[in-house]
Amino acid sequence: MNMIWAGIRLLLMIVLLGYAMVWIMRPTKTFKEIWLPNIRKKLNSSTYFGTQGTGFLVFSFPILFVAVVGCVYLHFRKRSKDRKLESNGKKNRLVTLKKPMLVKGPLGIVSGTELAFLIMFVALLIWSFSVYLLNGFATITPQSAAKKGLKEWQAKLASASLSLGLLGNICLALLFLPVARGSSLLPLFGLPSEASIKYHIWLGHTVLVFFTAHGLGYITLWAVKNQISAMLEWARDDVSNVAGELSLLSGLVMWATTYPGIRRKMFELFFYTHYLYILFMVFFIFHVGISFACLMLPGFYLFLVDRFLRFLQSRQRVRLVSARILPCDTVELNFSKNPRLSYNPTSILFINVPSISGLQWHPFTITSNSNLEPEKLSVVIKSDGSWTRKLHQMLSSPSSIDRLEVSVEGPYGPASTHFIRHDQLVMVSGGSGIAPFISIIRELIFASTTYKCKTPEVLLVCAFKKSSELTMLDLLLPISGSPSDISKLQLKIEAFVTREKGPTTDSSKTPRAIWFNPHATDAPISAILGPKSWLWLGAIISSSFIIFLIIIGLITGYYIYPIDQNTEGGFPLAFRSFLNMLVICICIAMTASAAVLWNKKQNARDVKQIQNVEGPTPAGSPQSWVYRADRELESVPHQSLFQAINVHYGERPDLKKILFECKGSSVGVLASGPKMMRHGIANICSSGLADNLHFESISFTW
C-alpha cells in the first residue's frame, strides 16, 4: 500500500513540476514562438473548444487533475489511518523544515519551507519580468514606435506596463487557492486552512501592487498622448479598458480596508467590502477574455466549488443544545453532532448568528473531541469584539432565551496531527488562546485511554489577566469525562494571573448553564458531503468541469464558431466570456447540489439514531440554572486537575527559562494567543540555543 501512496505522490509531483515549468517558460521566445503555436495548431483550430482550448489543456487541466487525484489520495489515506495513531517513536521528518527562519518583519513568522518557496516565487517574478522586458524592448525602435503613433519611450512604457500586468496574473493564479477551505490542495501540502490565510494576504498585496502599476502605466500613456477617452473603450474583440478599470477599482476598495487599523476597528467594513472580489474577477475576465483567463481559472474554479458548498451548508440551521456561561465573559456553545462526523484537534468552525448579523461569519476553535464526544461539538467564545460581546450579552441576560438560531460552516482542520510524535509538548497560550490546546489535551486523553499508547509529557503554560479566567481550565475535561481519564497523562499546568496579586471571588458572577429547546428543523452538525467527503469533492470537481467542457464545446461549435467564420467582426469577446462564466456557475451549482442532496438523505437517517446525551430540560425548570453537583463549574479546576496545576499571581511566565529547561530529544512548542507572544516564542525556538525545540504557531488571522 505504501508503494501506491508513493506512486500517487510521485505522479502529483511530476504534474506540479510540469505546471511550474510552463510558467517558467511562458515569458520566453521558445514558449511563444515554438510551443504555443504547435499547441494552438492542434487545439485552437478545432471548432469544439475554439481559442480557449490551449488554456484549458496547459493551464486549467493540471491543477484540477491534481485536486481530483488529491481527493482520492486523501480519502484512502484517511481511511487507512482512521482509529490509528502513529507511534511516539516515529519522529516528524518535517519539523526541522517548519523551524522559524524569520520572526520579525512584515511577513510575521516564516518557516524554512515557507522561506524557500517564497524565494523561488520571487525569483519566478523577477525572471518573468526581466524576460518580458528584454523581449519587449528588443523589438522597440523609433521606427516601430512611430508606426503605432508612439515615441520610443512611450512604446517602452506600454511594454513595461503590460509586463507588470502579466506578473499580476501569476500571483492571481494562486490568489484563491489558500482561501478554498475545503480544497484538497492545502492538506496535500500539510497546510491547514487557517494557517494559509497569510499566503492569501501576501498574494493579495502583490496582485494589487502589480495591477495598480499596470493600470497607472497605461493611464499615464493615455494622458501624455491626450487620449484619456481611451479609458472608456470597451472593445468588441480585444482587451476592454473599462472592464479592467472597474476590476482594478473593486480591488483597490478591498485593498484599502485590509490594513490593520481599518480591519481591526471597522471589521464589518472590511468584511463586507471583501465581497467585491466577485466584481473584481468578473470584470477581470471581461478585461482579458476567457481564453487568457484560463491561466487563472483553476484556483478560482476550486474556490467557487468550495464557496458554493459552504453556501449550501450555511442554509441549514444547526441544533444548539446548551451553553455554558463562565465568569470570565466566556461562552461555551454545545451543538448536537452527527456521530459519523470526525475532525482533528485544532479544527475550526465558522459560526453565524442571524439575530446578531446575517452576513458575518466568525471562526472559532473546536474544543471537543470527536472520539470522546461522538454526539457533541463544542466551541469556546471569548468576548473580545463587538460580535462576541453581543452574543455574550444575549446569553447571559436575566431574560432567558428558549432557542438561538445558528448556522455553521465546517469543520475545517489539519488532515493529520503530528504532536503525538514528540517526547514532550509545551503549549503556551494567552487568554482565549487556550482553546486549541483543549482539543489537543482531549485527543491525548483519548489516545492514552483507548489505545493505551505512550503519550508525550505535556506542559501547559497559560497566561490570564484575571483569576476568573482560570475557570477556562475546567474545559480541559469534557463533562462526560471521569477523573481517571486524565490520570494517565503526564500533564503539568503552569497558570499565570498577570493583573492580580492573589485569588479573588466575585459572588455576582456564577457559572451557569443554559439549555435550549431546538426547533424540529434544526439538524445536528454534519459533514456537508458525508464521511466520504473527499471522494464526493473529487467527483464534483471532475464531473462539473467535464460537463462544462461538453456544454461550452457545443455552444462554441454550433453557435460561436459559425458567427466567427461568417461575421466580419466575429463573436463579441465579452459575450463569449459571459457564456463561459455562466456555464461554469451552472455546472458547479448543479453537480454540487446533487451531491449535497444525496448526502443530506443519509444525514437524515443518521439523525434518527442520535440520542440527546445532554437530556431534556426538566419540566417546570427555568432555561438557565447553576450547574448541578455533578456538572458544577468552580473557580478552581476539577479535583482531578488540581494536583497538576500551579497558579502564579502577579507575574508573567519566563518563557525562555521554561523552554530551555525542557530536556526531551524532541519538544513540540505550540503557541496560541497574542501576536507578540507568538513572535517571542518563535524567536526563542529559532535562536539556535536549543536544537530540540520545534515551534508551531496556532492562530487565525482575517
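- If you check an unreviewed UniProt entry, the chain appears there as ferric-chelate reductase (NADH) from Populus trichocarpa.
- Among the UniProt annotations of the chain, the heading Subcellular location (unreviewed entry) holds the following wording: "Membrane".
- Quoted straight from UniProt, the Catalytic activity (unreviewed entry) entry for the chain says "2 a Fe(II)-siderophore + NAD(+) + H(+) = 2 a Fe(III)-siderophore + NADH".

## Let's talk about the overall build of the chain
Argument step 1. Helix and strand counts for the chain stand at 22 helices and 16 strands.
Argument step 2. Sequence separation of at least 24 residues holds for 79% of the intrachain contacts in the chain that already meet a minimum separation of 6.
Argument step 3. By element, 63% of the accessible surface of the chain is carried by carbon and sulfur atoms, the whole surface being about 32500 Å².

## Points about unusual backbone geometry
Argument step 1. Looking along the chain, the bond that leaves G410 and enters P411 is cis, with omega of 5°.
Argument step 2. Positionally, P411 belongs in strand β8 (residues 407-412).
Argument step 3. If you check the backbone angles, D329 has positive phi at about 55° while not being a glycine.
Argument step 4. With respect to the secondary-structure elements, D329 resides in the loop between β3 (320-326) and β4 (330-336).
Argument step 5. Residue D329 is classed as partly exposed on the basis of its relative accessible area, which comes to 32%.

## Concerning the sheet that holds strand β16 (residues 693-697)
Argument step 1. In spatial order, the strands read β14-β11-β10-β9-β15-β16; together these 6 strands make up an open sheet with parallel pairing. Strands at the two margins of the open sheet, each flanked by one partner only, are β14 (645-649) and β16. For this sheet, the mean angle separating the axes of adjacent strands, direction not counted, is 15°.
Argument step 2. Two elements, strand β9 (residues 424-430) and strand β15 (residues 667-672), share 6 bridges in a ladder whose sense is parallel.

## Some thoughts on the pattern of salt bridges
Argument step 1. This model, assessed by the stated rule, comprises 13 salt bridges.
Argument step 2. Notably, a salt bridge pairs R310 with D306, separated by 3.3 Å at the nearest N-O pair. Placement of both R310 and D306 in helix α14 (residues 297-314) is noted, with a separation of 4 residues, approximately one turn of the helix.
Argument step 3. As a salt-bridge pair, K382 and E469 come within 3.6 Å of each other at their nearest N and O atoms. Here the residue K382 occupies a position in strand β7 (residues 376-382), and E469 occupies one in the loop between β10 (457-464) and α17 (483-487), the gap between them amounting to 87 residues.

Thresholds, definitions, all that
- Residues numbered from 1 in each chain as written.
- Predicted model: local features only at pLDDT ≥ 70, side-chain atom pairs only at ≥ 80, totals over all residues.
- Heavy atoms only, no water.
- UniProt positions renumbered as here; feature names shortened; annotations may be inferred.
- Helix = DSSP H or I, 4+ residues; strand = E, 2+ residues; numbered from the N terminus.
- Contact = heavy atoms within 4.5 Å.
- Areas by Shrake-Rupley, 256 points an atom, 1.4 Å probe, with all protein chains shown as cover.
- Buried < 20%, exposed > 50% of the residue type's maximum accessible area, 1.4 Å probe, protein only.
- Pairing = 2+ DSSP bridges.
- Axes fitted to C-alpha atoms, helices over the stretch in contact; angles between N-to-C directions.
- Salt bridge = Lys/Arg side-chain N within 4 Å of Asp/Glu carboxyl O.

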